[in-house]
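# Analysis of the macromolecular model
Each chain is listed here by its residues.
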Amino acid sequence: MTLRSAMLSSAATLTILFTVAGAHAQQPGGFEPDERSNLAGGLHDADQAAWNMELVHAITPPPGFFDPDALFRPAAMRAAFEAAQAAGEAPPVMAFTPLALANTDLAFSGGRVIVGNYNGFNIYNANVDGAPELALSVVCPGGQGDVSIHGDLLFVSVEQNRGRLDCGTSGAEGDVNPERFRGIRIFDISDFNAPRQIAAVQTCRGSHTHTLVPHPSDPDVLYIYNSGTSFVRETDELGICSSGQPDENPETALYSIDVIKVQLSAPEEAAIVNRPRIFADRDTGEIAGLWRGGAIGVASQRTAQTNHCHDITVYPELAIAAGACSGNGILLDISDPENPQRISDLFDPDMAYWHSATFNNAGDTIVFTDEWGGGTQARCRAEDPANWGANLIATVEEGALRGQSFFKIPTAQDDTENCVAHNGSLIPVPGRDIMVQSWYQGGITVMDFTDPANPVEIAYFDRGPLHPQALVIAGYWSAYWYHGRIYGAEIARGLDVLRLTPSEHLSAAEIAAAERVIEDQVNPQTQTRIVWDDHPDVARAYLDQLARSESLDADLESRARAAVDQWEQGRVNRRSMTRLARDLASAGDEADGRDQARLTALSELLGRAG
């Protein structure tokens, strides 16, 4: 969530070299109302709407992580400040800073769910058959509170000026304060009864988000790509920091990310080892080499300047990363993770603020999100353009990013609901590209982007607004798949657990195949290749997809389903299974696109089963 206004440049907008997505020539209007549009509001008693998924558990925040007076009411806060200014009085002293107790991002490890919060973090024991149980709460204010985990090390992003080195709640006053902390905290949580902060890596712009990047060959080395989006701190507070534009200050802390090296055998010594200029012009070396901010043409919105990344998602097995970098989407080569290099960049005038990125499993398609309005405004109203505050889906073709389409939740939300594209992850259905995603008070949606040019919604869950008459910030900050369930961090209401239900868009076998994928550790910005085991559920998932697309001969489908049933019963006829696998491979030779890949995968799977 971005509370600061985007930095905009003044001139030279059309002299920047950029690639336009191509699918954005006009801004279509918003969507028609549906059952999600007029839900009654409330904190824990709001109306609900669900389609092809269901809410299983709703866990309210633990003590110390909710106060009704801490709910963020932007209009009321703005009115109070304006009234004081008009009266010539000092600004009012607020009991809480905006989002002071907001739940933020999630990470997962060993059956545990870590919920980040502006005030610290909470850890729950996940339970597929029951509600998550609180295992640990740590109060350590400072926002943003995004979390990731590696073994017994927990990493937390801290960006706000109030953060203290000692996790104190009193804040850090003044322009320069030796007790102030803005950067990456590292906790040792090996002893749940006594978690310890063992390192605090100071950075110039704090840490809005961060990404764990394993060393390709040394298991004792872990890198962190740190993304700071706030102002640059004073040099007197941190000597490596200075601000300004690069033409006046080539050492500026703007236009870079931080690369932090963590020696796992000595994590307390973690430190910044590089601040690469990943936005530099390849030909001239100019540091500010990408989008300078502003608008193009009458119909375009004002867009952010590319002087930082909001999120960087890495795919270590492919040695690539996707950066959502305020004014551009970028593709990075991270084969040398200490020195990431930009491969390609993408600009689109309908993207106000490139916020986050998610690869498909093949790594050849990326979903970029646009946080138009910063997450604190109603941006899913009927009058809002359907490709503003949406996902931009891009493909990677010969190493270059190519924009294909936009996707926005196809519903009209009220002006009391902050809503825009936000964080999500893949749902591991074999043969398809499916993503679950949060939209703040727009709820949670499931999007099929198997065809990058034609993404579609196939499931959703939504509540009514937190307040029926006024915009009070709430909704899902993040929604991720883990161990067969969807976990959603709700800013004000707590932690939700949801389950997919079979439908014409997603069969029981496809859901079962996804539920079989168990990853011990999940950090959403560190994607790993999904691998499915050899199981009848996986075979049936492919068969359901081929039947849905009518790409399989009825007789061949019947033979395949019978063979899979026999396999599940432990009665495999090896000769007939081998023949079936060969016939499916032959059918694949005559198919196109994803169906060809599905037939090939099914043929190989049944060949191994035989």
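Parameters at a glance
Think of each chain on its own: its residues are numbered from 1, step by step along the sequence as written. Side-chain atom pairs in this predicted model are given and counted only at pLDDT of 80 or more, local residue features only at pLDDT of at least 70, and totals for whole chains, interfaces and linings cover all residues. Side-chain numbers come from the whole structure's heavy atoms, not from hydrogens or water. Nine residue types can take part in a nonpolar core, namely buried Ala, Val, Leu, Ile, Met, Phe, Trp, Tyr and Cys, and a core is a set of them joined through side-chain atoms within 4.5 Å. Type-normalised accessible area, obtained with a 1.4 Å probe on protein chains alone, sets the label of each residue: buried when under 20%, exposed when over 50%, and partly exposed for intermediate values. Starting at the N terminus, helices and strands are each numbered in turn, a helix being any DSSP run of H or I of at least four residues and a strand any DSSP run of E of at least two. Salt bridge, as used here, is a side-chain nitrogen of Lys or Arg placed within 4 Å of a carboxyl oxygen of Asp or Glu. Two residues qualify as a contact provided that any one of their heavy atoms is within 4.5 Å of a heavy atom in the partner residue. Each Phe, Tyr or Trp ring (for Trp, its six-membered ring) is paired with any other whose centre lies within 6.5 Å, and the angle between the two planes then decides the class: stacked below 30 degrees, edge-to-face above 60, tilted in between. Both a distance and an angle decide whether a charge sits over a ring: NZ of Lys or CZ of Arg must be within 6 Å of the ring centre and within 35 degrees of the ring normal. We call a pair of cysteine sulfur atoms a disulfide when they lie within 2.5 Å.

The biggest cluster of nonpolar side chains holds 26 residues, and the ones touching the most others in it are Tyr225, Phe279, Cys309 and Ile330. Within the residue set of this core, elements represented by two or more residues are strand S12 (221–227), strand S15 (311–315), strand S16 (320–325) and strand S17 (328–333). The dominant element in this core, judged by the number of residues it contributes, is S12, at three residues. Ala513, Ala539, Ala563 and Leu580 belong to the second-largest nonpolar core, a separate cluster that totals 23 residues.

Before going further, it helps to spend a moment on the pattern of salt bridges. A full pass over the atoms with the stated rule returns 28 salt bridges. Among the salt bridges present, the one from Glu490 reaches Arg493, with a minimum N-O distance of 2.7 Å. Residue class for Glu490 comes out buried when judged on its relative accessible area of 1%. Given a relative accessible area of 4%, Arg493 falls into the buried group. The shortest N-O distance in the salt bridge between Arg561 and Glu557 comes to 3.0 Å. Here Arg561 and its partner Glu557 are both found in helix H4 (residues 554–568), four residues apart, which amounts to about one turn of the helix. By relative accessible area, which is 26% here, Arg561 ends up partly exposed.

The topology assignment puts Asp311 in strand S15. On the basis of relative accessible area, Asp311 is assigned to the buried category, the value being 4%. If we ignore the near neighbours within four places in the chain, the residues touching Asp311 are Thr209, Ser227, Ala322, Gly323, Ala324, His355, Ser356, Asn423 and Gln525.

Turning our eyes to something else, we now look at the packing of aromatic side chains. Note on aromatic pairs: each is described by the distance of the centres and the angle between the planes. Across all of its chains, the model carries 13 aromatic pairs by this definition. Note on Trp372 and Trp388: the rings are 5.2 Å apart at their centroids and 90 degrees apart in plane angle, and the pair reads as edge-to-face. One end of the pair, Trp372, is in the loop between strand S20 (365–370) and strand S21 (391–397); the other, Trp388, is in the loop between S20 and S21, with 16 residues separating them in the sequence. Trp388 carries the same exposure label as Trp372, and that label is buried. Ring centres 6.3 Å apart and planes at 70 degrees place the aromatic pair Phe407 and Trp439 in the edge-to-face group. Taken together, the residues span a long stretch of sequence, with Phe407 in strand S22 (residues 400–407) and Trp439 in the loop between strand S24 (434–438) and strand S25 (444–448) at a distance of 32 residues. Judged on exposure class, the residue Phe407 and its partner Trp439 are both buried. Of the aromatic side chains, those joined through ring pairs into one cluster are Phe108, Tyr480, Tyr482 and Tyr487. Arg36 extends its terminal NZ or CZ atom over the ring of Tyr460, reaching a point 3.6 Å from the ring centre. Here the guanidinium or amino end of Arg112 rests over the ring plane of Phe192, the centre of that ring lying 4.0 Å away.

A few words now on the state of the cysteines. Applying the stated rule across the entire model yields four disulfides. For Cys204, the disulfide goes to Cys241, at an S-S distance of 2.2 Å. Between Cys204 and Cys241 the disulfide shows an S-S torsion of about -95 degrees. By sign, it is left-handed. Placement of Cys204 in the loop between strand S10 (196–202) and strand S11 (209–214) and of Cys241 in the loop between S12 and strand S13 (258–263) is noted, with a sequence separation of 37 residues between them. Across this residue pair, the class does not change: Cys204 and Cys241 are buried. Here the cysteine-cysteine linkages of the protein are recorded as 1-2, 3-4, 5-6, 7-8, numbering only bonded cysteines and doing so in sequence order.

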